[in-house]
Amino acid sequence: MNNPHKNWQKFLINEAGLNKIRQDMSDYDTAFITAFRGDINDKSMCVYVPPSEEELSERNKMGKRGVQNKRNNRELSAYLLSQGYGVKNVQGSYIENFGSVDPEKVPREVKEASFFVTNLNNDPEFAEQIINLGKRFCQDSVIIVPKGEEGYIYGTNKGKYPGLDQKENVGKFAGGETGEFMSRINSRPFVMKEDEETKTYEDLPGKQRQAAKLMAKRVGEQINDMHVFFEADLQAYDNGGTTTLYHYAPVDTDEIQVDPSQFGKQRYSRREKQRSTYPRSFFYVNLDQAESEVKTGKNLYSLEFPTKKLYSIPDDPNGLVADIKHPTYGFRDDIEWTELFKRIHENYDGAYYSTPNMDLVVLFEPIEAKKMEQE
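A short tour of the structure in this document, coming up. Just so you know, these numbers come straight off a predicted model, no measurement behind them. Along each chain, residues carry numbers from 1 onward, in the same order as the chain's sequence is written. Only residues with pLDDT of 70 or above have their local features reported here, since the model is predicted, and side-chain atom pairs are shown and tallied only from 80 upward, although totals for entire chains, interfaces and linings are computed over all residues. Side-chain measures were taken over the full set of non-hydrogen atoms in the model, leaving aside hydrogen atoms and water.

Let's talk about the pairing of strand 17 (residues 350–355)
The cut-offs for exposure are 20% and 50% of the maximum accessible area for each residue type, with area from a 1.4 Å probe on protein chains only; residues under the lower value are buried, those over the upper are exposed, and the others partly exposed. Secondary structure elements are taken from DSSP: a helix is a run of H or I of four residues or more, a strand is a run of E of two residues or more, and numbering for both begins at the N terminus. Taken across its 6 residues, strand 17 has 6 buried, putting it largely inside the fold. Of the two faces of strand 17, the one carrying Gly350, Tyr352 and Ser354 and the one carrying Ala351, Tyr353 and Thr355 are both buried. In this analysis, strands are considered paired if DSSP registers two or more bridges between them. By the bridge criterion, 3 bridges tie strand 16 (residues 310–312) to strand 17 in an arrangement that is parallel. Within strand 17, the residue paired with serine 312 across the bridge is tyrosine 352. Across 6 bridges, strand 17 lies against strand 18 (residues 358–363) in antiparallel orientation. From the neighbouring strand, tyrosine 352 faces strand 18, where its bridge partner is valine 361.

A look at unusual backbone geometry
Even without being a glycine, aspartate 316 presents a positive backbone phi close to 45°. For aspartate 316, the location among the structural elements is in the loop between strand 16 and helix 8 (320–324). Residue aspartate 316 is classed as buried on the basis of its relative accessible area, which comes to 14%. If you check the backbone angles, aspartate 334 has positive phi at about 60° while not being a glycine. If you trace the backbone, aspartate 334 turns up in the loop between helix 8 and helix 9 (336–345). Residue classification places aspartate 334 among the partly exposed residues on the basis of a relative accessible area of 35%.

Quick notes on the state of the cysteines
Disulfides are defined as pairs of cysteine sulfur atoms found within 2.5 Å of each other. Under the counting rule described, the total for this entry stands at 1 disulfide. In this model, cysteine 46 is linked to cysteine 138 through a disulfide, with the two sulfur atoms separated by 2.1 Å. Measuring the twist about the S-S bond at about -100°, one finds the cysteine 46-cysteine 138 disulfide to be left-handed. Remark: cysteine 138 occurs in the loop between helix 4 (126–136) and strand 5 (141–145) and cysteine 46 occurs in the loop between strand 2 (30–33) and helix 2 (53–59); sequence separation between them is 92 residues. Cysteine 138 carries the same exposure label as cysteine 46, and that label is buried.

A few points about helix 4
Within helix 4, 9 of the 11 residues are buried, which leaves the element mostly enclosed by the surrounding structure. Buried within helix 4 are the following residues: Phe126, Gln129, Ile130, Ile131, Asn132, Leu133, Gly134, Lys135 and Arg136.

Description of the environment of arginine 74
Residue placement: arginine 74 occurs in helix 3 (residues 65–82). The exposure class assigned to arginine 74 is partly exposed, which follows from its relative accessible area of 42%. When the C-alpha positions of arginine 74 and alanine 35 are compared, they lie 8.7 Å apart, and in sequence the two are 39 residues distant.

Regarding the packing of aromatic side chains
Here is the rule: rings of Phe, Tyr and Trp (six-membered ring for Trp) pair when centre to centre is within 6.5 Å. Planes less than 30 degrees apart are stacked, more than 60 are edge-to-face, and the remainder are tilted. Scanning all chains against the criterion turns up 12 aromatic pairs. When the ring of tyrosine 278 is compared with that of phenylalanine 364, the centres are 5.7 Å apart and the planes differ by 85°; the resulting orientation is edge-to-face. Placement of tyrosine 278 in the loop between helix 6 (267–275) and strand 14 (281–284) and of phenylalanine 364 in the loop between strand 18 and strand 19 (367–371) is noted, with a sequence separation of 86 residues between them. In terms of burial, tyrosine 278 and phenylalanine 364 fall into one category: buried. Summarising the aromatic geometry, the rings of tryptophan 337 and tyrosine 353 are spaced 6.2 Å apart at their centres and angled 45° between planes, so their arrangement reads as tilted. Of this pair, tryptophan 337 sits in helix 9 while tyrosine 353 is found in strand 17, placing the two residues 16 residues apart along the sequence. Each of the two residues, tryptophan 337 as well as tyrosine 353, counts as buried. Of the aromatic side chains, those joined through ring pairs into one cluster are Tyr278, Phe331, Trp337, Phe341, Tyr353 and Phe364. Distance and angle both matter: a charge sits over a ring if NZ of Lys or CZ of Arg is within 6 Å of the ring centre and within 35 degrees of the ring normal. In this structure, lysine 167 packs its charged tip against the face of tyrosine 152, placed 4.3 Å from the ring centre. For arginine 275, the ring lying beneath its charged end belongs to tryptophan 337, and the centroid distance is 4.5 Å.

On their own, these measurements won't tell you what the molecule is for.
And the structure:
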């Protein structure tokens, strides 16, 4: 959603569609998001820089701005549908340079295709998913409307407004003129109008489901890479030269040995094994990010680990990420990823990176951890 603070955006919606959207907002968490960008070649404000057009041309021959926007919106829609969300196309336009008197910035209508997204299955990570997608597709912001509450804009790139990871309340959406779905952002009208019925993944024909699944997988990998390579900050966890590592285990002893040879035997670590089969043990650095499936019925253990023995993948101090990254395919599961862990292990005992849900440390050698008392 490109800078609603400066732009007047209009979307066509009929009376029946307006009532349906109102009902959805009352019953579910909802959001508005697009993958369209006015200057798609300007990556200066992006949190995540996707593969260049030269790289993408190796995979397909689509290059023009309109084609890129349409391709991005197809991928965005596929990902949303794959998560079990309801997706409604919202076709419309906005006035770029709204209110400008600068002769070099003449107000003009710019068409944009967006999505109204409904959290049909009450996914607790809905807002986080929308925010991650806004960052992946370098949007200035997304609009999120918690169930029955006021909506807010959330900044998803480094632009001036609203600013990365900044929130601004936009109030409750209400009907204006007949067929309009209206709010105001900084005293400028924000009007949404509908184009078609809500779609779900189950509505797609078989071949379209297969295509959507492949596109969604690619976007999911890109979101993962966005966190791994761009967002994590190891120094935030450093405490006088050491970092506290946390590990849950289904045993009840004062001390345990956490051994990488056990890697992949638990369901949650099998997900990471798909990334790379290189043996490693997993540790939290922030207990607030611990998943319930990991900690339920287990005891918590911890240790202090020298921060200098951890390789920060986002910072990439030795240039390993840049050296290993494939020029076309980036980091593929169990290929470049495995090579990266192998190269890190030559000089470091572990690595630090993030997933979309947590910051984590992996260690390549067995290590002792002591039991902690849990509140």
